[in-house]
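Fold and geometry: a report
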Amino acid sequence: MKFVDRKRETEKLQKAINAAESQLIVVYGRRRVGKSTLIKEMLELGRDIYFQADETTVANQIHLLSKSITTVLPTFDTATYPDWRAILEAFNHRVQEPCTLCLDEFPYLCKSCRCLPSIIQEFWDNSSPRFNLILCGSSQQLMHSTILDEKSPLYGRCDVIMKLQPISVSHIGEAMGLTSAREAIEHYSMWGGVPRYWKLASHYETAIESLTELLLSPDGTLSDEPNRLLRDELRDISLSKSILTVIGYGAHRLTEIASRLKKPATEIMLPLRRLIDMGYVEREVPFGESPKDNKRGLYKLRDPFMNTYYHFYAPHASLIALGRGATIARIVEKEMPTFMGSCWESLCREAVSGNEVNGVTYGMASRWWGSASDKNTGNTKQIEVDVVALSIDKKHLLVGECKWAQADYAERLLAELNKKISMMPIPKSVKHIHPVLFVRESPLGDKASGCLMPEDVIALCRN
């Protein structure tokens, strides 16, 4: 699959690798996000060394590393290196020109040799290294504890620290060879910004087919992926899995989540915060309200892949194990419009956040929901607005309605949106309100112009 995006990360790594002095570089992030691929793109064959560690003994790891170094320094593996300090010193002594050594899956090395961070710290401080060293790993928790935590021997010594994030929706079409923005959004809503998932999904003709084969079949390649992701970060994954499951089933308030798990709310706060830190869950509060001590906050699955898994796989795991493909297909087909609509809303909010829309630059976009009074009838009812964003100068308010359905009349959709606007609270600083329709297909009627389509949302996300 084509290497896409990562322009900023590539430039940052390239600058570090080409620096006058040797650099200690840390690259980390969730599994499958493309860390190794990015690093390999930066390394020069015949000059640099890439070593992917495994979970074997220290002696075997050092032996395998010496084999990798031999590709650049012939006969390097003919000697025996009793420990990490010895092989680092020997490599440093043999190096004649600037080069880079990458130790991938660094946490595996630290598991078998807990003092390795101290060994590297002492070597880096006292041996005048003549090469760049990249330490890379998937376990964010272990990378923090071994390198980035203030108690770590390597704390404060890293020249570059890069946490690799999932890739934007704006690049999935190019990577997967998709022909339309709508297809790109459908695939992204299922797989998120993880290149490995894109590569697997690209082997199938449609997003639904990729979902069925990769996740909803008994031998689906990604059917155990959430467990692997959680095990990278947590010793005991049972409570975190349960939290993700009940959120996926539709429990969004803290009290509701705790009630379904039959646990006090205080007991699930720490695992919830960890899931938020890992990027799998987010907490929403209505637009304009402070998240601190806000009792109206709602928890939702933030990561598209986790959302797909707990929406489609987890509720039907028993049927999937029995190989009931036709039954699963009918369930997915029925639930897909609602699922895609929710994902479309999230992408529309992301597209508006920090971007210029129709000449106005906006801050973070969010939802608004709550009880509102109809000024005409005096009746009170619950309403929800999909996208609300205040401009940077606080004079403009964008209010959006998102529709992932067949074409509808723009006049009707705008009338419904304007009615919501008349009922929702508006910041006093706002001078201009801008109603916007985010639609999958070009709407009908005279007021169809000005709507934002999938290609517009993707273009905004590219910014």
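Residues numbered from 1 in each chain as written. Predicted model: local features only at pLDDT ≥ 70, side-chain atom pairs only at ≥ 80, totals over all residues. Heavy atoms only, no water.

1. Digging into a negative patch on the surface
Worth spelling out the cut-off: Each patch is built from residues that are more than 30% exposed by relative accessible area and take part in no salt bridge. Like charges join if they lie within 9 Å; nonpolar side chains (Val, Leu, Ile, Met, Phe, Trp, Tyr) join within 5 Å. Using a 1.4 Å probe, the Shrake-Rupley method yields the accessible areas, and only the shown protein chains count as cover for residues. For this analysis, a salt bridge means a side-chain nitrogen from Lys or Arg found within 4 Å of a carboxyl oxygen belonging to Asp or Glu. Note on charges: Lys and Arg go in the positive column, Asp and Glu in the negative column, and His and the chain ends are not counted at all. To locate a charge, take NZ of a lysine, CZ of an arginine, CG of an aspartate or CD of a glutamate. Under the DSSP-based scheme used, a helix requires at least four consecutive residues in state H or I and a strand at least two consecutive residues in state E, with every element numbered from the N terminus.
A surface patch of like charges, here negative, comprises E205, E209, E213 and D219. With respect to the helices, strands and loops of the structure, E205 is situated in the loop between α10 (195–201) and α11 (207–214).

2. A short note on helix α16 (residues 304–313)
To be explicit about the condition: Accessible area is worked out with a 1.4 Å probe on protein chains only. A residue is then buried under 20% of its type maximum, exposed over 50%, and partly exposed in between. Polar contacts, as used here, are pairs of N or O atoms within 3.5 Å; protein pairs need one atom able to donate a hydrogen and one able to accept it. Residues neighboring in sequence count only if both atoms are side-chain atoms.
The element α16 is largely enclosed, with a buried count of nine among its ten residues. Of the residues that open α16, the one with a side-chain oxygen 3.3 Å from the backbone nitrogen of F305 is D303.

3. Re the environment of L215
Cut-off, in case you're wondering: Contact definition: two residues touch when any of their heavy atoms are within 4.5 Å.
Mapped onto the secondary structure, L215 falls in the loop between α11 and α12 (225–233). It is 7.0 Å that separates the C-alpha atoms of L215 and Y313, two residues lying 98 residues apart in sequence. If sequence neighbours within four positions are ignored, L215 has contacts with S210, G220, L222, S223, F305, T308, Y309, Y313 and I320.

4. Structural notes on the packing of helix α13 (residues 238–248) against helix α15 (residues 265–277)
Filter applied, for reference: Convention adopted: a line fitted to C-alpha atoms gives each axis, helices being fitted over their contacting stretch, and angles between N-to-C directions are expressed from 0 to 180 degrees. Each angle is binned into one of four classes, with values under 35 degrees roughly parallel, values over 145 roughly antiparallel, values of 65 to 115 roughly perpendicular, and all other values oblique. Nonpolar residues are Ala, Val, Leu, Ile, Met, Phe, Trp, Tyr, Cys and Pro. Charged residues are Asp, Glu, Lys and Arg, and all others, Gly as well, are polar.
Contact geometry of α13 with α15 gives a least axis separation of 10 Å together with a crossing angle of 80 degrees. Taken as axis vectors, α13 and α15 run roughly perpendicular relative to one another. Each of L239, S240, I243, L244 and I247 in α13 lies in contact with α15, whose residues at this interface are E267, I268, P271, L272 and L275. For the contact of α13 with α15, the residue count by class is eight nonpolar, one polar and one charged.

5. Structural notes on the sheet that holds strand β1 (residues 24–28)
What counts, and what does not: By the convention used here, strands pair only if DSSP detects at least 2 bridges between them.
Pairing within the open sheet is parallel, and its five strands lie in the order β2-β3-β4-β1-β5. The sheet terminates laterally at β2 (49–52) and β5 (160–163), the two strands that pair on one side only. Each strand of the sheet is rotated relative to its neighbour by a mean of 15 degrees, with strand direction disregarded. Two strands pair when backbone bridges link them, and β1 and β5 are joined in this way by four bridges, in the parallel orientation. Opposite V27, over in β5, you have M162 as the bridge partner. Where helix α1 (residues 7–17) meets the sheet, its contacts fall on β1, β3 (99–104), β4 (131–137) and β5, and the angle it forms with β5 comes to roughly 160 degrees. The sheet strands contacting helix α2 (residues 35–42) are β1, β2, β3, β4 and β5, and the helix crosses β4 at an angle near 165 degrees.

6. Focus on the nonpolar core
Definition in use: Among buried residues, the Ala, Val, Leu, Ile, Met, Phe, Trp, Tyr and Cys ones that are joined through side-chain atoms within 4.5 Å form a nonpolar core.
W191, W198, L211, L216, L244 and F438 are the most contacted members of the largest nonpolar core, which has 78 residues in total. By size, the runner-up hydrophobic cluster in this structure holds 39 residues, among which are Y81, Y108, L116 and F123.

7. Things to note about the sheet that holds strand β13 (residues 432–439)
Sheet architecture is open: four strands sit in the order β10-β11-β12-β13, paired in mixed fashion. Of all the strands in the sheet, the pair left with one neighbour each is β10 (366–373) and β13. Mean inter-strand twist for the sheet, computed between neighbouring axes without regard to direction, equals 40 degrees. Seen against the sheet, helix α19 (residues 410–423) touches β10, β11 (380–390), β12 (396–403) and β13 and runs at an angle of roughly 135 degrees to β13.

8. Quick word on the packing of aromatic side chains
Centre distance and the angle of the planes are the two values used to describe a pair of aromatic rings. Spelled out, the test is: By convention, a stacked pair of Phe, Tyr or Trp rings (six-membered ring in the case of Trp) has centres within 6.5 Å and planes under 30 degrees apart, an edge-to-face pair has planes over 60 apart, and any other such pair is tilted.
Taken as a whole and judged by the stated rule, the model has twelve aromatic pairs. On the basis of an interplanar angle of 20 degrees and a centroid distance of 4.9 Å, the ring pair of F76 and Y81 is categorised as stacked. When its relative accessible area of 1% is taken as the criterion, F76 is described as buried. Consider the rings of Y197 and F305, whose centres lie 4.7 Å apart with planes at 40 degrees: the pair is tilted. In this pair, Y197 is assigned in helix α10 and F305 in helix α16, connecting sequence segments 108 residues apart. We classify Y197 as buried; its relative accessible area is 0%.

9. Here we look at the environment of Y280
Tracing the chain through its elements places Y280 in the loop between α15 and β6 (281–284). Linking Y280 and L101, residues 179 residues apart in sequence, is a C-alpha distance of 32 Å. Filtering out sequence-adjacent residues up to four positions away, Y280 remains in contact with R30, L229, L230, L244, L275, K300, L301, R302, D303 and M306.

10. A look at the state of the cysteines
Operational definition: Defined by distance alone, a disulfide is two cysteine sulfur atoms within 2.5 Å.
What the rule picks out here adds up to zero disulfides. A disulfide-free cysteine, C110 has its sulfur positioned 7.8 Å from the sulfur of C113, the nearest such atom. Given a relative accessible area of 6%, C110 falls into the buried group.

11. Digging into the side chain of S66
Along the polypeptide, S66 turns up in helix α3 (residues 58–70). Those residues in contact with S66, other than ones at most four positions away along the chain, are F76, D77, Y81 and I87.

12. Some points on the pairing of β3
Of all six residues that make up β3, six are buried, and the element is covered over most of its length. Residue alternation in β3 divides its side chains into two sets, C99, L101 and L103 and T100, C102 and D104, and both sets are buried. The pairing of β2 with β3 spans four bridges and is parallel. Note on β3: the bridge partner recorded for I49 is L101.

Don't take any of this as a statement about function, it's just geometry.
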